[in-house]
Amino acid sequence: MKKYLVITIDVEPDCSPTWHYSDPLTFTGVSNGIRQRLQPLFNKYNITPTYLVNNVVLEDERSVEVLHQLEGKYELGTHLHPEFIQPEKKYEIYAGKKGIANGCFYPPDIEFEKIKNITGLFEKNLGYKPTSFRAGRYSAGANTVKSLKQLGYLVDTSVTPHICWDDASREKPVDFRAAPEQPYFIDEDITKENLQGNLFEVPISIALKKRNILKEIIVSVAGLRHPLRQYKPFWLRPYYSTTKDLIDIANQYISVNHDRDIMVLNMMFHNVEVLPGLSPYSLSEEDCRAYLQQLMDFFTFCKQADIQSIALTDLYHVFRKH
Ligand SMILES: [Zn+2]
């Protein structure tokens, strides 16, 4: 079995522990987070990441320049936060705002124009067409798929298996519980494999793992507020999961897919998580160091387990050939 790791990073402007954009709006998560912390680390471990760039970042000339001139191997794609782009653009001043709109709930023609505009913005500033996409807040559906195909995209990575997003900030639930864990071609339904489809879906790696319920009760009585389910989704994502969990998820994926020719892991996070206070996660420099250490430990595991890094669009071509 051939084993691949894709690293998909949402590239956001500097945020805050509440996810509001910084005020004044800054982009150190690009100039420092990506250029000085992430990409050199990826180069050291021979990792080819895919950076999915928020439209607000694509409007910042200096950030685009940094992303264009990174040293090493990487892919750039797009990441749509729809209230910050025409048509029906909600904000002219981005500082202090928060991306909470859901692309898939706009009327189809408006969502299409928004994706067309972020694609055009990418092309104008970087000189070529993007082929990989992730919806902000994972809010993608059938209309999104249709638009992506029309605009020449090859890969979407908005799907989070085992998760149904049904909080009050969404018009309707975005339900990915039926989605496969391994990559699949889609035609219309974003959670359904269709070998005739020509858009490739690479879901974020999320595994159901048995909970240690007894330990959770002992650790916190808050655990009793929710019905105790025996299995819980674990994300292949630093901070969300411990390093041991990351390795367990990878091993679980390898074992469940042992009869396949190709097995894929998709680790996601945000560029701003590697600098203190720019996300809800790493609040101090010490947190950031621990975060980067988690990445390094996981990459060491991948090397030992013969898991090879690949960019999203290259993965598409591997599957097309297969
Ligand atoms: Zn985002």
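Keep in mind that what you see is a predicted model, and the values were worked out from it rather than measured.

### Some points on the nonpolar core
So, step 1. Counting 81 residues, the largest nonpolar core has Leu-5, Leu-38, Phe-42, Tyr-51 and Phe-298 as the members making the most contacts within it.
So, step 2. Among the elements that line this core, the one with the most residues is helix H8 (residues 285-304), at eight residues.
So, step 3. Setting aside chain neighbours within four positions, we find Tyr-51 in contact with Ile-9, Val-11, Ile-34, Leu-38, Gln-39, Phe-42, Leu-70, Tyr-74, Glu-75, Leu-76 and Gly-77.
So, step 4. Within the second largest apolar cluster, 14 residues are counted, among which are Tyr-4, Phe-200, Val-202 and Phe-319.

### Comments concerning the pattern of salt bridges
So, step 1. Evaluation of the coordinates by the stated rule reveals 12 salt bridges.
So, step 2. The closest approach of N and O atoms between Glu-285 and Arg-37, which form a salt bridge, is 3.0 Å. You can see Glu-285 sitting in helix H8 and its partner Arg-37 sitting in helix H1 (residues 28-44), a full 248 residues away along the chain.
So, step 3. Close ionic contact of Asp-248 with Lys-244 constitutes a salt bridge, the shortest N to O distance being 2.8 Å. With a gap of four residues between them, Asp-248 and Lys-244 both fall in helix H7 (residues 243-256), about one helical turn apart.
So, step 4. Judged by relative accessible area, Asp-248 falls into the partly exposed class, the value being 24%.
So, step 5. Here Lys-244 falls in the exposed class, since its relative accessible area comes to 57%.

### Re unusual backbone geometry
So, step 1. For the peptide bond that leads from Asp-23 to Pro-24, omega is 0°, which places it in the cis range.
So, step 2. Within the element layout of this structure, Pro-24 appears in the loop between strand S1 (2-11) and H1.
So, step 3. Residues Gln-86 and Pro-87 are joined by a peptide bond in cis, for which omega reads -10°.
So, step 4. Here Pro-87 shows up in the loop between strand S3 (75-80) and helix H4 (108-126).
So, step 5. The phi torsion at Asn-46 lies on the positive side, around 55°, for a residue other than glycine.
So, step 6. You can see Asn-46 is positioned in the loop between H1 and strand S2 (50-54).
So, step 7. Note on Asn-46: relative accessible area 55%, which makes it exposed.
So, step 8. Here Glu-88, not a glycine, exhibits a phi torsion of approximately 55°, which is positive.
So, step 9. With respect to the element layout, Glu-88 can be found in the loop between S3 and H4.

### Topic: H7
So, step 1. The terminal C-alpha atoms of H7, which comprises 14 residues, lie 20 Å apart, in line with the 20 Å expected from a rise of 1.5 Å per residue.
So, step 2. Taken as a whole, H7 has its buried residues at Asp-245, Leu-246, Ile-249, Ala-250, Tyr-253 and Ile-254.
So, step 3. Residues of H7 that are buried sit in contact with S1, strand S10 (206-210), strand S11 (231-235), strand S12 (262-270), H8 and strand S13 (307-309).

### A few points about the coordination of the zinc ion
So, step 1. Within the first shell, the zinc ion binds the protein through Glu-12 (OE), His-79 (NE2) and His-81 (NE2), at distances of 2.0 to 2.1 Å.
So, step 2. Residue classification places His-79 among the buried positions, given a relative accessible area of 1%.
So, step 3. His-81 sits in the buried class, given a relative accessible area of 6%.

### Brief notes about the side chain of Thr-48
So, step 1. Secondary-structure assignment places Thr-48 in the loop between H1 and S2.
So, step 2. Discounting chain neighbours no more than four positions away, the residues touching Thr-48 are Lys-73, Tyr-74, Ser-309, Ile-310 and Ala-311.

### Details of the packing of aromatic side chains
The relation between two aromatic rings is expressed through the spacing of the ring centres and the mutual angle of the planes.
So, step 1. Overall, the coordinates contain 21 aromatic pairs when judged by the stated rule.
So, step 2. Ring geometry for Phe-122 versus Tyr-128: centroids 5.3 Å apart, planes at 85°, classification edge-to-face.
So, step 3. Its relative accessible area of 37% is what places Tyr-128 among the partly exposed residues.
So, step 4. Note on Trp-165 and Trp-235: the rings are 6.1 Å apart at their centroids and 70° apart in plane angle, and the pair reads as edge-to-face. Note that Trp-165 is positioned in strand S6 (residues 164-165) and Trp-235 in strand S11, a separation of 70 residues in sequence.
So, step 5. On the basis of relative accessibility, which here comes to 17%, the residue Trp-165 falls in the buried class.
So, step 6. Take Trp-235: its relative accessible area is 7%, and that puts it in the buried class.
So, step 7. Ring-pair connections join several aromatic residues into one group, and the members of that group are Trp-19, Tyr-138, Trp-165, Trp-235, Tyr-239, Tyr-240 and Tyr-281.
So, step 8. Looking at Lys-232, its charged tip hangs above the ring of Phe-234, at a distance of 5.2 Å from the centre.
So, step 9. Here the guanidinium or amino end of Arg-237 rests over the ring plane of Trp-235, the centre of that ring lying 5.7 Å away.

### Quick word on helix H3 (residues 61-68)
Quick reminder: α-helices carry 3.6 residues per turn. Residues three or four places apart thus point the same way.
So, step 1. By the burial criterion, the buried members of H3 are Ser-63, Val-64, Val-66 and Leu-67. For H3, the angular spread of the buried residues around the axis is 160°, confining them to a single face. Set apart from the buried face of H3 by more than 90 degrees, the exposed residues are Glu-61 and Arg-62.
So, step 2. Looking at the buried positions of H3, the neighbouring elements they touch are H1, S2, helix H2 (55-58), S3 and H4.

Conventions and cut-offs
Each chain has its residues counted from 1, following the order in which its sequence is written. Only residues with pLDDT of at least 70 are given local features in this predicted model, and only at 80 or more are side-chain atom pairs given and counted; all residues enter the totals for whole chains, interfaces and linings. With hydrogens and water set aside, each side-chain value is computed from the structure's full complement of heavy atoms. Each nonpolar core is a collection of buried residues, namely Ala, Val, Leu, Ile, Met, Phe, Trp, Tyr and Cys, held together in the definition by side-chain atoms within 4.5 Å. Summary of the burial criterion: residues with accessible area below 20% of their type's maximum are buried, those above 50% are exposed, and those between are partly exposed, where the area comes from a 1.4 Å probe applied to protein chains only. Numbering of helices and strands starts at the N terminus; helices are DSSP runs of H or I of at least 4 residues and strands are runs of E of at least 2. Any two residues whose heavy atoms approach within 4.5 Å are treated as being in contact. We define a salt bridge as a side-chain nitrogen of Lys or Arg found within 4 Å of a carboxyl oxygen belonging to Asp or Glu. How far a helix is expected to stretch is found by multiplying one less than its residue total by 1.5 Å. Sites may look incomplete, because water is not among the atoms used; the donor set itself consists of N, O and S atoms within 2.8 Å of the metal (3.2 Å for Na, K and Ca). Pairing of aromatic rings covers Phe, Tyr and Trp, the last through its six-membered ring, and needs centres within 6.5 Å; plane angles under 30 degrees mean stacked, over 60 mean edge-to-face, and all others mean tilted. As a reminder, the over-ring test applies to NZ of lysine and CZ of arginine, requiring each to be within 6 Å of the ring centre and within 35 degrees of the ring normal. Directions are taken from the helix axis to each C-beta atom, and the arc is the one they span.

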